Amino acid sequence: DPGEHRLALVIGNSAYQFSPLKNPANDAGAVAEKLSQLGFKVILGRNVTKDEMKRLIWKFGDSLKAEGVGLFFYAGHGIQVGGLNYLIPLGARIKSERDVELEAVDIRYVLSETDRAKTKLNIVMLDACRDNPFARSFRSGHQGLATMNAPKGTIITYATAPNQTAADGHGSNSPFTTALIDNLDRPGLDIWQIFNRIGLGVTKETAGTQRPWISSNYYGRFFFNPAKAQAAQNTDQPEQAQPEPDTNQVKVNRLQKAAEADLRANRLTTPAGLNALEKYK
């Protein structure tokens with residue numbers, strides 16, 4: 001719906017004293033610009049402290065509308081402790097795992113704000129799985145972020161698979177953000193098709209070492225590019241298969257068409273929770 005309320009909170013933290021990163025602030029700026037072009041009102045924070053981050057999250061939650069779409073993007077250091085995921089602000093003083101709850105921001109803090117607003121769709125994008133700068137002083141030794149069950153009406157996409165690290169990137173943006181801004185405004189593609197293009201792009205760019213992951217509890221359709229949504233809806237039915245010679249390439253083509261039909265129909269997971277990207281591949 002071109003008239004729907006779209007709000008995004010975009011945060012990128014780079015200038016850490018203990019372990020600075022090159023790209024998150026750039027990533028946040030690039031994503032904010034792209035979302036603005038797609039009709040989102042954007043709240044942007046770069047290199048923010050814990051208090052500043054929480055105030056931005058409050059502002060985001062207070063500005064969400066029940067029938068609208070809320071999007072949260074974070075780039076920077078993120079760690080898991082005790083199965084919970086935390087975003088690391090600037091100025092965090094963390095010497096052991098017990099400091100994390102006090103010094104960092106639990107991602108559930110964001111999810112509680114979207115839940116309170118009762119938005120129809122919440123999208124959480126976490127490019128936050130860079131290496132854990134505190135790993136030596138932590139007992140658990142876990143890398144990356146832990147899996148989370150997405151609340152109702154929420155899609156959570158991670159820059160890489162659970163318990164894995166994501167690259168900061170050699171250019172001005174991370175591999176995940178690069179794929180995101182390259183695909184987000186693709187005309188006529190819904191959110192599932194967009195995310196699968198992002199996943200395939202990151203996997204190819206990193207030679208398979210980084211594979212984005214999705215956790216979803218949303219069963220509708222959403223188009224970042226609303227002007228082309230109707231055209232996509234008109235072509236939602238799978239194409240009729242044409243008789244073809246029985247060759248290996250034909251078999252591959254048939255499998256690909258079947259997978260694409262599943263994606264268009266939002267059959268993204270099996271009872272075992274198979275990831276959409278894995279199914280497509």
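Please refer to the structure higher up on the page.
Here's what I pulled together on the structure shown here. (Residues numbered from 1 in each chain as written. Predicted model: local features only at pLDDT ≥ 70, side-chain atom pairs only at ≥ 80, totals over all residues. Heavy atoms only, no water.)

1. Topic: the overall build of the protein
Per the secondary structure count, the protein includes nine helices and nine strands. Taken across its 281 residues, the protein has 52% of its residues classed as buried. In the protein, once contacts between residues fewer than 6 apart in sequence are set aside, the share between residues at least 24 apart is 73%. When the accessible area of the protein is evaluated, it comes to approximately 13,900 Å², of which 48% is carbon and sulfur surface. (Helix = DSSP H or I, 4+ residues; strand = E, 2+ residues; numbered from the N terminus. Buried < 20%, exposed > 50% of the residue type's maximum accessible area, 1.4 Å probe, protein only. Contact = heavy atoms within 4.5 Å. Areas by Shrake-Rupley, 256 points an atom, 1.4 Å probe, with all protein chains shown as cover.)

2. Some points on the nonpolar core
F72, I123, L126 and F224 are the most contacted members of the largest nonpolar core, which has 74 residues in total. Not counting residues up to four positions away in its chain, the partners in contact with F224 are R6, L38, F40, L71, I123, M125, L184 and I191. (Core = buried A, V, L, I, M, F, W, Y, C linked by side-chain atoms within 4.5 Å.)

3. Here's the deal with the pairing of strand β3 (residues 69-75)
Burial of β3 is extensive: seven of the seven residues sit out of reach of the surface. Where strand β1 (residues 6-12) lies against β3, seven bridges are found, and the strand directions are parallel. Within β3, the position partnered with A8 by the bridge is L71. Of the pairings in the sheet, the one linking β3 to strand β7 (residues 121-127) comprises seven bridges and is parallel in character. By the bridge assignment for β7, G70 is matched with N122. (Pairing = 2+ DSSP bridges.)

4. Examining the sheet that holds strand β9 (residues 213-216)
The mixed open sheet is built from six strands, whose spatial order is β2-β1-β3-β7-β8-β9. Whereas interior strands pair on both sides, the edge strands pair on one side only; in this sheet they are β2 (41-46) and β9. Each neighbouring strand pair of the sheet contributes to a mean axis angle of 10 degrees, computed without reference to strand direction. Sheet analysis places β7 next to strand β8 (residues 154-158), joined by five bridges and oriented parallel. (Axes fitted to C-alpha atoms, helices over the stretch in contact; angles between N-to-C directions.)

5. Focus: the sheet that holds strand β4 (residues 78-81)
In sheet architecture, strand pairing relies on hydrogen bonds along the backbone and comes in two forms, parallel and antiparallel. Spatial ordering of the open sheet is given by β4-β5-β6, a layout of three strands whose pairing is antiparallel. Taken across any chain shown, the strands that pair with only one partner, and hence form the sheet edges, are β4 and β6 (105-106).

6. Describing the packing of aromatic side chains
The geometry of an aromatic ring pair is captured by two quantities: the separation of the ring centres and the angle between the planes. On inspection of all chains with the given rule, the structure shows four aromatic pairs. With a centroid separation of 6.3 Å and 35 degrees between ring planes, the pair formed by F40 and F224 is classed as tilted. Taken together, the residues F40 in the loop between α1 (24-37) and β2 and F224 in the loop between β9 and α7 (229-234) connect sequence positions 184 residues apart. Like F40, the residue F224 is buried in the burial classification. Three or more aromatic residues joined by ring pairs form one cluster here, namely F40, F222 and F224. Its guanidinium or amino end placed over the ring of Y109, K54 lies 4.7 Å from that ring's centre, counting from NZ or CZ. (Phe/Tyr/Trp six-rings, centres within 6.5 Å; stacked < 30°, edge-to-face > 60°. Lys NZ or Arg CZ within 6 Å of the ring centre and 35° of its normal.)

7. So, the environment of I198
By the secondary structure assignment, I198 is in helix α6 (residues 191-205). Separated by 20 residues in the primary sequence, I198 and T178 have C-alpha atoms spaced 8.8 Å apart. Excluding residues within four positions of it along the chain, I198 makes contact with F176, A179, L180 and N183.

8. Some words on the side chain of T206
Note that T206 resides in the loop between α6 and β9. The class for T206 is buried, based on a relative accessible area of 11%. A polar side-chain atom of T206 sits 2.8 Å from the main-chain carbonyl oxygen of V202. (Polar contact = N/O pair within 3.5 Å; in protein donor to acceptor, adjacent residues only side chain to side chain.)

9. Observations concerning α1
For α1, built from 14 residues, the straight-helix expectation of 20 Å at 1.5 Å per residue is met to within 8% by its first-to-last C-alpha distance of 20 Å. Within the span of α1, buried status applies to P24, A25, D27, A28, G29, A30, V31, A32, K34 and L35. Of the residues one or two after α1, G39 is the one with positive phi, at around 90 degrees. (Expected span 1.5 Å × (residues − 1).)

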